[in-house]
There are 2 protein chains.
Amino acid sequence: MRNFKLILQYEGTRYQGWQRQESTDNTIQGKLEALLTKMTGQKVEIQGSGRTDAGVHALGQVANFHADTEMEPQEILEYMNRYLPEDIGVIEVREVSERFHSRLNAKGKTYCYRVICSTLPDVFDRRFAHILTETVDIQAMRRASEYLLGTHDFKAFTSNKRGKKSTVRTIEEIRIEKAVSTSMCMQGAADEILFTFRGNGFLYHMVRIITGTLLEVGTNKRRPEEIKDILASGSRENAGELVPARGLALMEVRY
Amino acid sequence: MRNFKLILQYEGTRYQGWQRQESTDNTIQGKLEALLTKMTGQKVEIQGSGRTDAGVHALGQVANFHADTEMEPQEILEYMNRYLPEDIGVIEVREVSERFHSRLNAKGKTYCYRVICSTLPDVFDRRFAHILTETVDIQAMRRASEYLLGTHDFKAFTSNKRGKKSTVRTIEEIRIEKAVSTSMCMQGAADEILFTFRGNGFLYHMVRIITGTLLEVGTNKRRPEEIKDILASGSRENAGELVPARGLALMEVRY
């Protein structure tokens, strides 16, 4: 059996997330497996580096699958891009060692979350950003984000209630930058804030709850120092709101 | 009767263009008129600065309408943005003099056309750019574009066959720039070429035929000097291909 590693991009808008489900064929994993099964004539299972939720995008999702095929990586890439829906794209296919596992071997991930501060509708970014009608204090959010750096138990920042697995994770970097929205070719008037999170792994909803909490700091609903207490409490209800999926994108998986 | 000037943005993807049609209610003008008629209780007609074709976007379309209403511009803006579909947005509403006419008073327009050169699918820009699998010689296109500057009869560069109206137009500027694709928050690997056209007005399909012709120069299918002969011929069949609507956006209307 050969093992192939893929780098994938998808717009999550119309999918029920990455993970295959019995109840719907409208998942990224489901679409990919159906196509690869057709391509190879064998039942193929594809393993992602992790799930992305319904509506979340990916620019650098990594996945791998085993198959008995004579096809070369470039042929696989071309075949997949010919038949996949236009909101899923394969950026790279490589043959890797039999033992490579996209989830178990992942050492780190980078996520971005985009927020646009505007009282006007954003026709071009509406699928790819969370629109906030308030202005935001970036310095306050940066101060708050420092409490999250390093290794902590992030139990307060996940929606997962079944508490069997470890909720300890390491966040290496949180970047919060002001950017000018560049929807289409226009330099938009809207203020855009880009959050970049780099860490060894992220719990269910963790990036979106952290972003929501930081935005509450940025809009003066919380003080930066509260983050320390929220972390220590281990209690989801102390953290901020879950922000919408559409602003989130998995950018990169590191091995 | 008060007269209101609007600045509008829309994603053209799912519309049959700007202009109201008897056969469909799926036009931008149709959507706006239906809403304004509902808002004011009067039959409202809205006048655009010009038509945009099916699939063409706008970041700065201008329109105006007359109505007897007590509503203030800001209230109109808020009402419209509350009820318009999310792919149409109102950026500004101002009350203007009775005589202002968005089409007749327009002195100039700016259009942008985006091309992405990549052999890979572009999941995030597929609605907003023309994807070209070849690489393109920007210098050759710039040389070719110089023949189009100034006042010319652009008959060869329009699809309109009924030859009653003047096809003389003035192009003040053609900018051809290489940009790095910034789909979502990623600095994409794909090469992006942005064409900007500024002129006193553009004929039916003119920007898309000029762009298609310049791309044929850029991919070595034509020499830059041929543009001169195409212009002089006045014959549509001598010009290049009509490129897809999705790469085009009306950026600005000047008065």
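As the structure is a computational prediction, the values presented were derived from the model and not from experiment.

About the criteria used
Residues numbered from 1 in each chain as written. Chains lettered and ligands numbered in written order. Predicted model: local features only at pLDDT ≥ 70, side-chain atom pairs only at ≥ 80, totals over all residues. Heavy atoms only, no water. Helix = DSSP H or I, 4+ residues; strand = E, 2+ residues; numbered from the N terminus. Rg over C-alpha atoms; globule rule 2.2 N^0.38 Å. Buried < 20%, exposed > 50% of the residue type's maximum accessible area, 1.4 Å probe, protein only. Contact = heavy atoms within 4.5 Å. Areas by Shrake-Rupley, 256 points an atom, 1.4 Å probe, with all protein chains shown as cover. Buried area = accessible area lost by both parts, 1.4 Å probe. Salt bridge = Lys/Arg side-chain N within 4 Å of Asp/Glu carboxyl O. Polar contact = N/O pair within 3.5 Å; in protein donor to acceptor, adjacent residues only side chain to side chain. Least-squares fit on C-alpha atoms with pLDDT ≥ 70 in both. Patch = residues over 30% accessible without salt bridge, like charges linked within 9 Å, V, L, I, M, F, W, Y side chains within 5 Å. Lys, Arg positive; Asp, Glu negative; His and termini not counted. Charge placed at Lys NZ, Arg CZ, Asp CG, Glu CD. pLDDT = per-residue confidence, 0-100. Expected span 1.5 Å × (residues − 1). Phe/Tyr/Trp six-rings, centres within 6.5 Å; stacked < 30°, edge-to-face > 60°. Lys NZ or Arg CZ within 6 Å of the ring centre and 35° of its normal. Axes fitted to C-alpha atoms, helices over the stretch in contact; angles between N-to-C directions. Parallel < 35°, antiparallel > 145°, perpendicular 65-115°, else oblique. Left-handed = near helix turned anticlockwise from the far one by under 90°. Nonpolar A, V, L, I, M, F, W, Y, C, P; charged D, E, K, R; others polar. Arc of directions from axis to C-beta.

J.: A description of the overall build of chain A should follow, citing residues and the corresponding values.
T.: Across its full length, chain A holds five helices and 10 strands. On C-alpha atoms alone, chain A measures out to a radius of gyration of 19 Å, which is about the 18 Å that the 2.2 N^0.38 rule sets for 255 residues. For chain A, the C-alpha atoms occupy an extent of roughly 60 × 45 × 30 Å along the three principal directions. Within chain A, the fraction of its 255 residues that count as buried is 56%. When contacts within chain A are restricted to residue pairs at least 6 apart in sequence, those whose partners lie at least 24 apart make up 71%. When the accessible surface of chain A is summed, it comes to about 11,800 Å², and 45% of that surface belongs to carbon and sulfur atoms.

J.: Explain the interface of chain B and chain A residue by residue, including any values.
T.: Taken together, the 31 residues of chain B in the interface contact 31 residues of chain A. For the chain B and chain A pair, buried surface summed over both sides reaches about 2,700 Å², with 72% attributable to carbon and sulfur atoms. Applying the counting criterion to the chain B and chain A interface returns six salt bridges. B:Arg127 is the partner of A:Glu11 in a salt bridge, and the nearest nitrogen-oxygen pair spans 3.0 Å. In this assembly, chain B and chain A are joined by six residue pairs in polar contact (both at pLDDT 80 or more).

J.: Got a sec to walk through the relation of the copies chain B and chain A? Specific residues and values, please.
T.: When chain B is brought onto chain A, the operation consists of a screw motion whose angular component is 180° and whose axial shift is 0.0 Å, with 0.0 Å RMSD remaining. Within this description, the copies of the chain are treated as partners about a two-fold rotation axis.

J.: Run through the environment of B:Asp87, naming residues and quoting values.
T.: Locating B:Asp87 in the fold gives a position in the loop between helix H2 (73-83) and strand E4 (88-96). Accessibility expressed as a relative area gives 3% for B:Asp87, which makes it buried. B:Asp87 sits 79 residues away from B:Ser166 along the chain, and the two C-alpha atoms are 34 Å apart. For B:Asp87, the contacting residues outside a window of four places in its chain are A:Val123, A:Arg126, B:Gln9, B:Tyr10, B:Glu11, B:Arg14 and B:Tyr15. One polar contact links B:Asp87 to B:Tyr15, side chain to side chain, over a distance of 2.6 Å.

J.: Which residues make up a positive patch on the surface, and what values do they have?
T.: The grouping of A:Arg51, A:Arg103, A:Arg162, A:Lys164 and A:Lys165 at the surface amounts to a positive patch. By the element assignment, A:Arg103 lies in the loop between strand E4 (88-96) and strand E5 (108-117).

J.: Now, about the confidence of the model for chain A: what can you tell me, with residues and values included?
T.: All names here are of chain A. Taken as a whole, chain A shows an average pLDDT of 94; of its residues, 96% reach a score of 70 or greater. This stretch, residues 183-188, has a pLDDT under 50; its non-local contacts, to residues over four places away or in other chains, come to 23 contacts. In the predicted complex, the global pTM is 0.91; the interface-specific ipTM is 0.86.

J.: Provide a residue-level description of helix H4 (residues 206-218) of chain A, including the pertinent values.
T.: Residues and elements named next belong to chain A. Across its 13 residues, H4 extends 18 Å between first and last C-alpha, which sits within 8% of the 18 Å expected from 1.5 Å per residue. Counting buried positions along H4 gives 13 out of 13 residues, so the element sits mostly inside the fold. A positive backbone phi angle near 65° is found at Asn-220, which sits one or two residues after H4.

J.: How would you sum up the pattern of salt bridges? Please name residues and give values.
T.: Within the structure shown, the criterion is met by 46 salt bridges over all chains. The salt bridge involving B:Arg198 is made with B:Glu173; its shortest N-O contact spans 3.0 Å. Separated by 25 residues along the polypeptide, B:Arg198 in strand E9 (residues 191-199) and B:Glu173 in strand E8 (residues 168-180) bring together distant segments of the chain. Exposure remark for B:Glu173: the relative accessible area of 22% places this residue in the partly exposed category. Each of A:Glu11, A:Glu86, A:Arg126, A:Arg127, B:Glu11, B:Glu86, B:Arg126 and B:Arg127 takes part in one network of salt bridges that share partners.

J.: So what's going on with the packing of aromatic side chains? Residues and values would help.
T.: A full pass over the atoms with the stated rule returns 16 aromatic pairs over all chains. The ring of A:Tyr83 has A:Lys38 sitting right over it, with the charged end atom 5.5 Å from the ring centre.

J.: Describe the packing of helix H1 (residues 28-40) of chain B against H2(B), and please don't skip the residues or the numbers.
T.: Residue and element names in this part refer to chain B. Taken N-terminus to C-terminus, the directions of H1 and H2 make an angle of 125°; their axes are 11 Å apart at the nearest point. Taken together, H1 and H2 sit at an angle that is classed as oblique. As for how H1 packs across H2, the hand of that crossing is right-handed. Contacts between H1 and H2 involve Leu-32, Leu-35, Leu-36, Lys-38 and Met-39 from the first element and Ile-76, Tyr-79, Met-80 and Tyr-83 from the second. Looking at the contact of H1 with H2, its residues break down into eight nonpolar, no polar and one charged.

J.: Lay out the side chain of B:His205 with the relevant residues and their values.
T.: Residue and element names in this part refer to chain B. Relative to the elements of secondary structure, His-205 occurs in the loop between E9 and helix H4 (206-218). Here His-205 falls in the buried class, since its relative accessible area comes to 13%. Among the polar contacts listed, one links the side chain of His-205 to the side chain of Ser-159, at a separation of 2.6 Å. When sequence neighbours within four positions are dropped, the list of residues in contact with His-205 reads Asp-53, Phe-157, Ser-159 and Leu-242.

J.: Account for helix H5 (residues 226-233) of chain B, with residues named and values stated.
T.: Given 3.6 residues per helical turn, the α-helix brings residues three or four places apart onto the same face. Residue and element names in this part refer to chain B. All of the buried residues along H5 are Ile-227, Ile-230 and Leu-231. With its buried residues spanning 100° around the axis, H5 presents them on a single face. Opposite its buried face, H5 presents the exposed residues Asp-229 and Ala-232, each directed more than 90 degrees away. Of the surrounding secondary structure, the elements contacted by the buried residues of H5 are helix H3 (138-146), strand E7 (150-153) and H4. One or two positions beyond H5, positive phi appears at Gly-234, with a value near 65°.

J.: Break down unusual backbone geometry for me, citing the residues and quoting the values.
T.: Working note: non-glycine residues mostly have negative phi, and peptide bonds are mostly trans. Positive phi outside glycine occurs at A:Asn220, with the angle close to 65°. Mapping A:Asn220 onto the fold places it in the loop between H4 and helix H5 (226-233). The residue B:His205 is not glycine, and still its phi comes out positive at about 70°.

J.: Explain the packing of H3(B) against H4(B) to me, using residue names and the numbers behind them.
T.: Residue and element names in this part refer to chain B. The geometry of H3 relative to H4 is characterised by a closest axis approach of 8 Å and an angle of 135° between their N-to-C directions. Taken together, the axes of H3 and H4 lie oblique to each other. The two elements H3 and H4 cross, and the hand of that crossing is right-handed. Of the residues in H4, those touching H3 at Ala-140, Met-141, Ala-144 and Ser-145 are Leu-214, Leu-215, Val-217 and Gly-218.

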